[in-house]
Amino acid sequence: MKKFNLQSIVRDNIKKLKPYQAKEIPCRIKMDANESPFSVRLSEVIKEIDIPLNRYPDPEAMKLRKSISKRFKINLNNIMIGNGSDELIYYLILTFGGPVLYPIPTFAMYGIIAQSVGVQTLESKLDKNFDINEKEFIDLIKTKKPSLIFLSTPNNPTGNTFSSEKILKIIEIAYKRASIVVIDEAYHPFCSEKGFLPFLRDFDNLLILRTLSKIGFAGLRIGYLIGHEKILNEISKVRLPYNVDSLTQCIATYALDNFYSNIKRFIKEIVKEREILQRELSKLKGIKVYPSEANFILFKAKNSKEIYQKLMKSGILIRDMSANIKDALRVTVGTKEENAEFIKTLKNILEGYR
Ligand code: PMP
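Remember, it's a predicted structure, so these values are computed and weren't measured experimentally.

Chemist: So what exactly am I meant to see when it comes to the pairing of strand 2 (residues 79–82) here?
Modeler: Taken residue by residue, a regular strand's side chains alternate between the two faces of the sheet. Burial along strand 2 is two-sided: the face carrying Ile79 and Ile81 and the face carrying Met80 and Gly82 are both buried. Two strands pair when backbone bridges link them, and strand 2 and strand 8 (residues 223–227) are joined in this way by four bridges, in the antiparallel orientation. In the sheet register, isoleucine 79 faces strand 8, and the bridge partner there is isoleucine 226.

As structure tokens, then:
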């Protein structure tokens, strides 16, 4: 076979990237990806799907947007649907470019997408409580004038919310410098705080990002962006016309209209289980647990890498976060039985170190 020089045409910023680690690792108990542990089969959500497959999907996802509009009391024109919120993050960076500012550690895709699009990233380390380092963050806004600021609250992977006062200060300062602030509320359903939707009235540089992935529909790939029409109009210019397929639009609409009481029940159960899991983890010697407002918990243990491997050997898959936070592991809240087995197995592993 004749070989051409592939690397000569790969853009430099892509050469530096590694493919996102989203491999399927076989396991018995899956607690690694912040999904809902409650099985939702398609047949439970919708009995019959009747859509014309010979036609393209509705490019405006009108029915789904109407469902979201009704369910969350948001004006229809302030909603844009994405193939997961990942896609919307991509569109945002494609539309507004850089620099892109975010605190670290946080959701990796802000940085990965910025790098692949080829724009500058600005990273500000969170403080020891995993809250925003206010002075440094605001200085970066003032001196570097980022086009976009991403704040995941509750934050992935730390699980805490950032201080609302700090966020509001950031939005206000960003507003004066024409920076857009994206509050990523992927984990808002599990959080005891109100969230930032009410502030859309006050600031037209504010966007809210939400997803169905964490509340039982990670397989569908539906994220939605909420914000002022004039911002969404700009993003529409880069949005692929048929970014969400007909099947997904139909199932997501049905889920929001007819399955929502179940979704709410699952969320309640996850929050209850999170509190128990947090309490049980904190009883274990050698474990430092961080408070969580999300559907996962971050904790530290001395032999974190080995613990991760040993859990996996027992069939329990969690997430090793030690590359970003020293000794850290992240566990997604599972069902009552899954959490109990996780705690029991972890306890046994820790006793082996004594
Ligand atoms: N934002 C945050 C903070 C996340 O943790 C995730 C998923 N891990 C996403 C966005 C992406 O969600 P989606 O499945 O909607 O692309």
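Chemist: Mind showing me how you'd approach the sheet that holds strand 8 here?
Modeler: Two strands in a sheet stick together by hydrogen bonds in their backbones, pointing the same way (parallel) or opposite ways (antiparallel). The strand order 2-8-7-6-5-3-4 describes an open sheet built from seven strands, whose pairing is mixed. Looking at strand neighbours, the two that pair on one side only are strand 2 and strand 4 (121–125), the edges of this open sheet. Neighbour to neighbour, the strand axes of the sheet diverge by 25° on average, direction disregarded. Pairing geometry for strand 6 (residues 180–184) and strand 7 (residues 206–211), over four bridges, is parallel. Within strand 7, the residue paired with aspartate 184 across the bridge is leucine 209. Against the sheet, helix 3 (residues 62–72) contacts strand 2 and strand 8, and its axis sits at roughly 125° relative to strand 2. Where helix 6 (residues 134–144) meets the sheet, its contacts fall on strand 3 (100–104), strand 4 and strand 5 (148–152), and the angle it forms with strand 4 comes to roughly 160°.

Chemist: What's the story with the domain arrangement of the protein in this structure? I'm lost.
Modeler: It is common to report an interface's size as the accessible area lost on association of the parts. Partitioning the protein into domains gives domain 1 (9–38 + 261–351) and domain 2 (48–258). Inter-centroid distance (C-alpha atoms) of domain 1 to domain 2 is 24 Å. Taken together, the contact between domain 1 and domain 2 spans 27 residues of the former and 29 residues of the latter. The junction of domain 1 with domain 2 conceals about 2,200 Å² of combined surface from both sides, 64% of it contributed by carbon and sulfur atoms. Here domain 1 is connected to domain 2 by zero salt bridges. Between the two partners, domain 1 and domain 2, sit ten residue pairs in polar contact (both at pLDDT 80 or more). Counting only elements with at least two residues in the side of domain 1 that touches domain 2, the list comes to helix 1 (12–15), helix 10 (260–283) and strand 10 (296–301). Per element, the largest residue contribution to the side of domain 1 that touches domain 2 is five residues, and it comes from helix 10. The residue makeup of the side of domain 1 that touches domain 2, split by class, is 15 nonpolar, six polar and six charged.

Criteria and thresholds
Residues numbered from 1 in each chain as written. Predicted model: local features only at pLDDT ≥ 70, side-chain atom pairs only at ≥ 80, totals over all residues. Heavy atoms only, no water. Buried < 20%, exposed > 50% of the residue type's maximum accessible area, 1.4 Å probe, protein only. Helix = DSSP H or I, 4+ residues; strand = E, 2+ residues; numbered from the N terminus. Pairing = 2+ DSSP bridges. Axes fitted to C-alpha atoms, helices over the stretch in contact; angles between N-to-C directions. Contact = heavy atoms within 4.5 Å. Domains from an automatic or database assignment. Buried area = accessible area lost by both parts, 1.4 Å probe. Salt bridge = Lys/Arg side-chain N within 4 Å of Asp/Glu carboxyl O. Polar contact = N/O pair within 3.5 Å; in protein donor to acceptor, adjacent residues only side chain to side chain. Nonpolar A, V, L, I, M, F, W, Y, C, P; charged D, E, K, R; others polar.

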